[in-house]
Amino acid sequence: MPDPVRPNGMSSAAAALQMLERRQQVLANNLANASTRGFKGEAVFSRMMGNALATTDTALDLTPGTLTQTRNPLDIAVEGDGFFVTNTKAGERLVRSGTFHLDANRAVVDDHGNALMGESGPVTLPPGNAEIDETGLIKVDGKPVTRLRLERVAEGTRLQHEGGTQFVPDASRTAIAPGERRVRQGFVEESNVNTMSAMTAMLDVLHRFGAAQKTLSTLDSARGIATTELARPV
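Because the structure is predicted, anything quoted here is derived from the model rather than measured. (Residues numbered from 1 in each chain as written. Predicted model: local features only at pLDDT ≥ 70, side-chain atom pairs only at ≥ 80, totals over all residues. Heavy atoms only, no water.)

**Overview of unusual backbone geometry**
Note: most peptide bonds trans; most residues except glycine with negative phi. Rule in force here: Here a strand is any run of E in DSSP of at least two residues, a helix any run of H or I of at least four, and the numbering for each starts at the N terminus. In this scheme, a residue with accessible area under 20% of its type's maximum is buried, one over 50% is exposed, and one in between is partly exposed, where area comes from a 1.4 Å probe on protein chains only.
Backbone geometry at R71 places phi at a positive 70°, although glycine is not the residue there. Along the chain, the position of R71 falls in the loop between β3 (67-69) and β4 (76-78). Under the relative-accessibility criterion, R71 is labelled exposed at 67%. Phi at R106 takes a positive value of approximately 65°, unusual for a residue other than glycine. One can find R106 in the loop between β7 (101-102) and β8 (108-109). Of the residues examined, R106 reaches a relative accessible area of 30% and is grouped as partly exposed.

**Re the sheet that holds strand β11 (residues 130-132)**
Cut-off, in case you're wondering: For two strands to be treated as a pair, DSSP must find at least two bridges joining them. Only the contacting stretch of a helix is used when fitting its axis, a line to C-alpha atoms as for every element, and angles between N-to-C directions run 0 to 180 degrees.
If you walk across this open sheet you meet the 3 strands as β11-β12-β13, and the pairing is antiparallel. With one partner strand each, in any of the chains shown, β11 and β13 (143-147) form the two edges of the open sheet. When the angles between neighbouring strand axes are averaged without regard to direction, this sheet yields 25°. The pairing of β11 with strand β12 (residues 137-140) spans 3 bridges and is antiparallel. Counted as the bridge partner of A130 is V140 from β12.

**Some points on the nonpolar core**
Put simply, the rule reads: In this text, buried Ala, Val, Leu, Ile, Met, Phe, Trp, Tyr and Cys residues form a nonpolar core when linked through side-chain atoms within 4.5 Å. Throughout, a contact is declared for two residues whenever any of their heavy atoms are within 4.5 Å.
In this structure, I76, F84, L116, V123, L125 and L148 are the most contacted members of the largest nonpolar core, which totals 18 residues. Listing elements by their share of this core, those giving two or more residues are β4, β11 and β12. The residues contacting L125, other than those within four sequence positions of it, are L74, L102, R106, V108, A130, I138, V140 and V145. Counting residues in hydrophobic clusters, the runner-up holds 8 residues, among them F83, L94, M117 and L159.

**Section: the side chain of T88**
The line we're drawing: Whenever two N or O atoms come within 3.5 Å, that pair is a polar contact, provided that in protein one can donate a hydrogen and the other can accept it, and provided that, for residues adjacent in sequence, both atoms are side-chain atoms.
Inspection of the secondary structure assignment puts T88 in strand β5 (residues 83-88). A polar atom in the side chain of T88 sits 3.1 Å from the backbone nitrogen of A90. One polar contact links the side chain of T88 to the main-chain carbonyl oxygen of G91, over a distance of 2.6 Å. Aside from chain neighbours lying at most four places away, what touches T88 is R93, N114 and Q166.

Put into structure tokens, the structure is as follows:
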């Protein structure tokens, strides 16, 4: 069995450049969504692979964003953990973005037309004054209509981003009991991305990228000189 390829200065510098490029992409996406309601940023971290080269992984930052009052009765937010459930063409998705409205059939939908899910299916409201309490119970003119589905995932679950503010649920999803919910009607959750922190991190990556490029260039030049000298007849 052949010996594994051992990393050298060139391969290590090249891996560092790839790692930093990926980190910059994630940070740029976070910054671009700093004003996207319900957006959850990704945290970037590095780890060593089996061949001792660095690579980059990401993890979703589920820290809650600040709540902004809109007074729109179909704007809803969750305090603490938990997700609303919407029904998309690709299946159910978890969302923190709680900006909804009524469509032509009086179904409660998001900006993409995805239906908000209640315990009895897609939420449809009759004409009247809609009220949503902290357990997610919806009443119209004082009469109960349905209760919103609210779910959580196990701690440490790596949810997959989809469409910016949607997340693909995994097998760990569980319903949140009504007594554990804190739904706020007339509020929306802002992005949890800190603009200044993201910009500072991007500048740090640019500095590190330049240093890695310089190292790679220096090593390449040194290797070229060594090859030329070794090939010169004595």
